[in-house]
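Observations on the model geometry
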Amino acid sequence: MNTAPDSDKVLDIRDLQVSFRSIAGTTRAVNGVSLDVRSGEIVGLVGESGCGKSVTIRSIVGLVPSPPALFEEGEIWLRTRRGMAETLSLHKNMKALRQIRGRDVSMIFQEPMRSVHPMMTIGKQITEGILEHEIVDPAEAYDRTVEMLDLVGLPNPAAQMNRYAHELSGGMRQRALIALALVCHPQLLLADEPTTALDVTIQAQILELIRDLRERMSMSVLLITHNMGVVATLADRISVMYLGKIMETGTVEEIFKEPAHPYTQGLLASMPSLFSQPKTHLQSLRGVVPELAMVPKGCVFADRCPHVMPKCDETPPVVELRADHSAACWLYADGGETPGAEAASTAEPLVSTEDTSGDFQKAVEVIPVPGTEPGSDSAQEPPADNDTAQLQIENVALHYPILRGLLRRQVGTVRAVDGVDLTIHRGETLGLVGESGCGKTSVGRLVARLVEPTAGRIRFGADGDLEEITHISQKEMKRVRRAMGMVFQDPLSSLNARMNIRNIVGEPLMLHQVAKGRAVDDRVGELLEMVGLRAAHQSRFPHAFSGGQRQRIAIARALATEPSFLVADEPVSALDVSVQAQILNLLLTLQQQLNLSMLFIAHDIAVVRHVSDRIAVMYLGKIVELGEAREICVRPVHPYTEALLASIPLPMPGLETLREMPKGDLPDPANPPRGCRFHTRCPYKQTICEQEEPPLRHIAGDPDHFGACHFQDELHLEGVEEIDDIHAPAAVAEGK
Amino acid sequence: MVQNAAEDGPLPLNETETEERFDVTKQVSYGRLIYLRFLRNHAAVVAAFALVFIYLITLVCPFFAPYDPNTRFLEKVAHPPLLPTFIDAEGKFHLRPFVYATVQSRDPKTMERMYTKDTTLRFPLRLFVRGDEYTFLFWDSDLHLFGAQDSPVFLLGTDTQGRDLFSRILFGGRISTTVGLIGVAISLVLGIVIGMASGYLGGAVDAVIQRGIEVLLSFPSLPLWMALSLSLPRHWSSIRIFLLITILLSIVGWGGLARVVRGMTLAVKSEEFVLASRMGGGGTWWILVRHILPTNLSYVIVAATLAVPGIILGETALSFLGLGIQPPMISWGVLLQDAQKVSFLSQMPWLIAPAFFIMATVLAFNFIGDGLRDALDPYSSF
Amino acid sequence: MRTYILQRFLQMIIVMVVVMLVSFIIVELPPGDFLTTLREQLTDQNVDPKVIDSTVEMYRARYGLGENWFIRFGKWAWSLMKGDMGYSMQHNRPASELMGERLSLTIWISIATLIFMFVVSVPIGMLSAIKQYSAWDHSFTFLALLGVSVPSFITALVFLLLSVTLLGATTVAGLFSPEYVTAEWSWAKFVDMLKHVWIILFIVGLGDTASTIRVMRARMLDTLGEPYIDTARMKGLSGAKVYFRHALRVAINPIISSIGLRFPQIISGSTIVAIVLTLPLIGPLLLEALLGEDVYLACSILVVLTLALVIGNFLADLALAWLDPRIRFES
Ligand SMILES: Nc1ncnc2c1ncn2[C@@H]1O[C@H](COP(=O)(O)OP(=O)(O)OP(=O)(O)O)[C@@H](O)[C@H]1O
Ligand code: SF4
Ligand code: SF4
Ligand SMILES: [Mg+2]
């Protein structure tokens, strides 16, 4: 056995190898990972899905089921109250492992909604942990639990003790789980994607809480995430993982300012950030993460690496670039074609490619910006020229009744959409952004009449003239829908698994009698090639494609009838960062080629800003701010927009946000607050906000920028500064 | 670098590199994937073959049965099973299996019938022998798969009236197994139509149907069947009674299936591909027939497979109690009636043989249903 | 919680009314006039013509025969509610008298079977899930599938066969030793019954026990994969605590809520097993009534059994609501 590491380390993983055995064979999920966490440090482990992050972190505490897992090699040293312990060898000794769990090391999980026991009170679940490890009387355990709940910021902790999981929101559950994890004061907290399932504003709160608790409880944190922004805000050091291997390790500054490994560089470049040039192509990594069984020999990144060289057929060594910065890449090792010294400059051009985006920018300028009569103070969209408006919705509402009981009595109403006005012009992209449950998807479906509006007017014009479609029959609607396309969020559920690609993409063609027989095959082939797939793929079934490829198929289907208008409902939120960039690029290209107008819905304001001309911010069924995309991000006028911007974890370490974070949770949409709906969370709230609902009206001095805040003209809210002000290596401006 | 430039061209991504990653399993259709997964489950495959065999011999029973079910061997009443052997009393091996002749006598004390083997008379078994005449699908014949010349062969013995039990089991099986299939077919149609209507239309229709099914399921099925069988007119022809009983069994059985279909329909209805189809111009019928039905179908087939045993058992139980199929028509339940009497059973334990045929059939259906369900499980790997 | 109980109670009442209505239709379904049958039967039994006349007249009045169907239903339902189960023509006695003890024994045996089912299947299913793919799991998975496939009347027949051939029994094993069959209820009789009853519970409950093992195993496997089980493990709890305190509570829920579906099957099973083994339960009486075309008796039995089930179902739902906070706070 090797020796224990020096006492400075809380956790030391050495050359961990974990495989999974199945009927299909044995695949290695973790392939020689070495990682350490020092006292008081937050270490981030980043990587795309399926790369082995969870298996690594779960191996530490023996939570990987074995079989099917095989721990082939490696050591995991953990600092416990009894000194350093090697936990892999403890897998056989459950008793010793149990003493460590919860006391020396704790863990919080990705899905707070499902991680709290549904039938046990919060209090009981937490005290159970104390009583397991310490000899204390129940009264003391109770007091300590209340104290802990208070510490994690749950309001009225004594009352929370008797509540059940279903009575708490996602954010509150994650707080309760953090309390549960920390109640025995462990030295190390393992956090497996603790904020992925949460809304951005809640995510910001939880990250803040973890940072705060690290100081107060002097513990270390190992944080897993796929979000570069999250590690940048929280971590001290970062390890980047890909296909079971650590690609690069370094301090947060080094990784973000001087990423050495091509994979890290690619990841950073793929992210649309609040600083990048909108409507330009992102630098995406090519291809997709291969399945574990298909991993290339040698450097596992070789088939996606832009710098690949013959030497890469051999496993690259881990090169120490500096103290605390290492990368596993031949670029920096002896024997590689490029000596280490030149590596950085070789890597640099990767993020600023030749200017292929030039003509796109021109195209952006061509898009007609809606004119408006100055001085108009109506809350409506400015009366747009009929020639340019493609879609207009007025005061549209969608209310879902809440039915209860035997007789299905209506006991309430969820106001999913509650009076929304929007206009989308020919060739324009309107971005719709907001947190989950605010009614974004409902607006998208209302526009296509996939749900029937409770009130309001919807007008749509395929070629010039607007036609009222609010109440037309389904048969007429079919004709209208020929000019509309829709892309859905979940690439898995949006393709019927029982149909092959030809029938999926060809369905609208057949239904609209655009083509028959062989002509369908030809047209489907064309469409597939247009979205970057091969025409020969038609005979395959959806399960043969990756998430990104499925989303391409869905886009091909949406474009089959040559629509002039596209609704894209969270088209990239289920995808990995690198694939997300590919799909965004594809959408931008197609929009230019086909002169599409687009309603682009997403919860990530950075993504929305990247593709949109104008942005509408939605909160609890209402539009709270509407305006030109960059304008909204630089000079928001509604406190909610400011909160959204502030909540986004920026891939920019050291950028302390001093802006006000939104407090609390999203209110129940069945019972929205009176007056301004944001007043329960707004830091600028006045008495009037609780009584009077502010209308959507344009702000002083800018007829194209609308807000729904009483004080929009007085408040000076902070947006995101322009690109030049900040050194942002991840977003080196293209063409500059 | 070069590759990056390609990405920005009109073809945003060249997918050729990923081409090789598709392994064989990815090229096949969903249906074929299920089939391949099913084949991995050996128990289910064996059960499938067994079931095909059972249905074959019971459907073409006149040929596989050595005798007509009503042929009575008066001097062989209550004869125990006589299994053909290869080895004779002297231990000599014969290539052709044979049976010995038997002689009836009475136990002097109890006066019970006894049969003793006469080892001097050997009757070899032959294939394709001529025997009782029958009509199978408008085709008259007297050919039987096996038999022995000049002497009867009782594989499973005879009953109290000297009829060959094996032949009767095959003929009875024809009724019992068909009841299962026809009954499930009726349940299936009811279940699919009502379940899909309930799930897709929702609202009041759904509520009424669901409450109705709840009431239906809260009856204990056997007593309900028993009570319903009262309404069967006794004087009707046996084929009509048979059909009525089948209908009766499926009327009680469709509720469970309708629930499965409804659940699936609800789940599928909210899937995005249904919305996508509506965007593409699909109407309600198109969506039901092209999307919801095919997606449901595989699960419904599993549910139906698992529902067949219930119907078979219902018929058997009813007939066993004398409330279902009436003699002279035969079903497995009718055959078991004799076994109910303790006095018969103690002397002729072989009368319980039909029970094993029932169990084999039901077991086969359950194994197949289980195998199908596992094969359909989206989480199961290949 | 209170509104939930009230709602479920209302629902139960509605189901009861529908059940009675359906049963009534079944009674009315058979062709032929009930009174004619009755008169014929009584004549066959050589009953005094005057008595026949008065009996027939009594029936006409009580059930409103010859009147509108809903009046007939009302009268029948009302008399049923008063505990009047009708009159058995075969036995010339009120049905309730005939049913009396048989009914309560049937219900008790069914409840006992249910308990037997729980006690046997929950631990087996749980252990199968915990030790997935072990020899224990494989054998019980197979046995359970076997058990599901064997209907109770066949189990009963096989049991009969075994006791006849192996033990040389000449009479069927009943609920009681011969000396207690007609005896008054006493402690000794009860103890005697306990000695005999377990084999009946086994026969009646085998199928449902087997299928509950399967359900329990599947539910337990699902539950063990839930993230909150990881949370529990991360507290450092021992395996037993994780399984019993955390997993079992959730996994057992669907089994409790399935009581409503199990109970009818157990009653069905006990009916036919009682017929095969000639037990003093309600089954043989029902069969007799049906074969003798004693419609009102048959129907009363059906209704009473079903109502017992509906009430049982209601109680199971209450138990579930009491166990599961998610249901408790629903309304
Ligand atoms: N119990 C298991 N049995 C078989 N394979 C498994 C098991 N658990 C994980 N794997 C495989 O190991 C690989 C790594 O999985 P892991 O969950 O660690 O990835 P991850 O980086 O955490 O991904 P994500 O971002 O999606 O959470 C995956 O290919 C996964 O399929
Ligand atoms: S080793 Fe080669 S293939 Fe791997 S990242 Fe470095 S340059 Fe690219
Ligand atoms: S109206 Fe008042 S509560 Fe609403 S956003 Fe403006 S300041 Fe905040
Ligand atoms: Mg993970």
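A short tour of the structure in this document, coming up. Just so it is clear, the model here is predicted, and its values are computed rather than measured.

Overview of the layout of surface pockets
Residue and element names in this part refer to chain A. When its volume is computed, the second largest pocket comes out at roughly 580 Å³. If you trace the second largest pocket, you find 32 residues lining it, with Ser34, Ile246, Thr249, Val318 and Ser326 closest to the centre. Residue assignment for the lining of the second largest pocket shows that the elements contributing at least two residues are strand S1 (9–22), strand S2 (25–38), strand S9 (237–242), strand S10 (245–251), strand S11 (318–322) and strand S12 (325–328). When residues of the lining of the second largest pocket are assigned to their parent elements, the largest contribution, six residues, is made by S2.

Overview of helix H9 (residues 238–269) of chain B
Taking 1.5 Å per residue, 32 residues should reach 46 Å; H9 of chain B reaches 44 Å between its end C-alpha atoms and fits that length. Remark: the principal bend of H9 of chain B, roughly 40°, maps to glycine 253 of chain B.

Section: the interface of chain B and chain C
Counting from both sides, the interface comprises 41 residues of chain B and, opposite them, 47 residues of chain C. Taken over both partners, the interface formed by chain B and chain C buries close to 3900 Å², and the fraction arising from carbon and sulfur atoms is 82%. When the buried surface of chain B facing chain C is broken down by residue, Phe219, Leu230 and Val342 of chain B rank first, second and third, together holding 16% of it. Our enumeration of links across chain B and chain C arrives at one salt bridge. Linking arginine 214 of chain C and aspartate 370 of chain B is a salt bridge whose minimum nitrogen-to-oxygen distance equals 2.7 Å. Top element by residues in the side of chain B that touches chain C is helix H14 (residues 353–376) of chain B. It accounts for nine residues. Taken together, the residues that form the side of chain B that touches chain C break down as 28 nonpolar, eight polar and five charged.

Points about the pairing of S9 of chain A
All names here are of chain A. Counting buried positions over the six residues of S9 gives six, a clear majority of the element. The alternating pattern of S9 places Arg237, Ser239 and Met241 on one face and Ile238, Val240 and Tyr242 on the opposite face, and all of these are buried. With four bridges connecting them, strand S3 (residues 42–46) and S9 associate as parallel partners. Counterpart to glycine 44 in the pairing with S9 is isoleucine 238. A loop of two residues connects S9 with S10, the two strands running antiparallel in sequence, and leucine 243 in this loop sits at a positive phi of about 45°.

Each value, and the rule that gives it
Residues numbered from 1 in each chain as written. Chains lettered and ligands numbered in written order. Predicted model: local features only at pLDDT ≥ 70, side-chain atom pairs only at ≥ 80, totals over all residues. Heavy atoms only, no water. 1 Å grid on protein atoms, 1.4 Å probe; cavity = no way out; pocket = protein on both sides within 12 Å on 5 of 7 lines; lining within 4 Å. Points joined across faces, edges and corners; volume = space filled by probe spheres on them. Helix = DSSP H or I, 4+ residues; strand = E, 2+ residues; numbered from the N terminus. Expected span 1.5 Å × (residues − 1). Bend = angle between axes of the 7 residues up to and from the residue. Contact = heavy atoms within 4.5 Å. Buried area = accessible area lost by both parts, 1.4 Å probe. Salt bridge = Lys/Arg side-chain N within 4 Å of Asp/Glu carboxyl O. Nonpolar A, V, L, I, M, F, W, Y, C, P; charged D, E, K, R; others polar. Buried < 20%, exposed > 50% of the residue type's maximum accessible area, 1.4 Å probe, protein only. Pairing = 2+ DSSP bridges.

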